[in-house]
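Commentary on secondary and tertiary structure
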Amino acid sequence: MKVKIRADSVEIEGYVNAIERASKPLMSRIGRFIERICTGAFKKALSRAEDVHILLNHDWNRDLGSLKQGNLQLEEDNIGLRAHAIITDPEVIEDARRGNLVGWSFGFKDRDVENATEDGLPLRKVRDLDLFEVS
């Protein structure tokens with residue numbers, strides 16, 4: 001993730017998530033699992049999305065902008081979901097100055113999932129999803 005600090009904003013650029021790469025083990029109410037977002041899942045989601053927001057730490061009370069608001073750009077390329085955002089929130093600018101902006105995450109609902117096993121853990125291959133937010 002690249003972070004450029006300006007006097008009144010922060011420009012953040014990088015990959016929210018790689019495609020075709022297994023996640024670190026994640027926890028759910030049924031135990032540990034691995035997730036892999038398949039090629040094309042983000043493209044499909046973006047083609048259907050009315051809007052995708054950028055939030056601070058998945059907090060809908062800290063909505064920092066969106067595709068419609070024009071300060072967020074998202075695209076799926078051959079690596080994954082690439083984001084470019086310009087944030088004017090003072091707390092985010094201060095976090096950037098302190099070096100506290102270290103990575104991306106995203107909020108979604110799956111639409112098409114294939115279940116398998118990898119390295120002894122359940123694997124969810126997400127073929128299609130609805131993307132609501134990046135954080």
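Residues numbered from 1 in each chain as written. Predicted model: local features only at pLDDT ≥ 70, side-chain atom pairs only at ≥ 80, totals over all residues. Heavy atoms only, no water.

Now for the sheet that holds strand β1 (residues 2–5). Here we have 4 strands laid out as an open sheet, ordered β1-β2-β8-β7, and antiparallel in their pairing. Sheet topology places β1 and β7 (72–76) at the edges, where each strand pairs with a single neighbour. The average angle at which neighbouring strand axes cross in this sheet is 15°, direction not considered. Its contacts with the sheet place helix α1 (residues 41–48) against β2 (10–18), β7 and β8 (80–87), and it is angled at close to 135° to β7. (Pairing = 2+ DSSP bridges. Helix = DSSP H or I, 4+ residues; strand = E, 2+ residues; numbered from the N terminus. Axes fitted to C-alpha atoms, helices over the stretch in contact; angles between N-to-C directions. Contact = heavy atoms within 4.5 Å.)

Further remarks concern the nonpolar core. Side chains of nonpolar character tend, in soluble globular proteins, to be buried together. With 28 residues, the main nonpolar core has Leu74, Leu131 and Val134 as its most contacted residues. Among the elements of the structure, β2, α1, β5 (53–56), β7, β8, α2 (90–97) and β10 (121–134) are those that each provide at least two residues to this core. Here valine 134 is in contact with Val16, Val52, His53, Ile54, Leu55, Leu72, Leu74, Leu81, Trp104, Ser105 and Phe106, once residues within four sequence places are set aside. (Core = buried A, V, L, I, M, F, W, Y, C linked by side-chain atoms within 4.5 Å. Buried < 20%, exposed > 50% of the residue type's maximum accessible area, 1.4 Å probe, protein only.)

Moving on: the layout of surface pockets. Approximately 460 Å³ is the volume attributed to the largest pocket. Along its surface, the largest pocket is lined by 16 residues, and Val16, Asn17, Ser23, Trp104 and Phe106 are the ones closest to its centre. For the lining of the largest pocket, the secondary structure elements donating two or more residues are β2, β4 (31–37) and β9 (106–118). Ranked by residues supplied to the lining of the largest pocket, first place goes to β2 with 4 residues. (1 Å grid on protein atoms, 1.4 Å probe; cavity = no way out; pocket = protein on both sides within 12 Å on 5 of 7 lines; lining within 4 Å. Points joined across faces, edges and corners; volume = space filled by probe spheres on them.)

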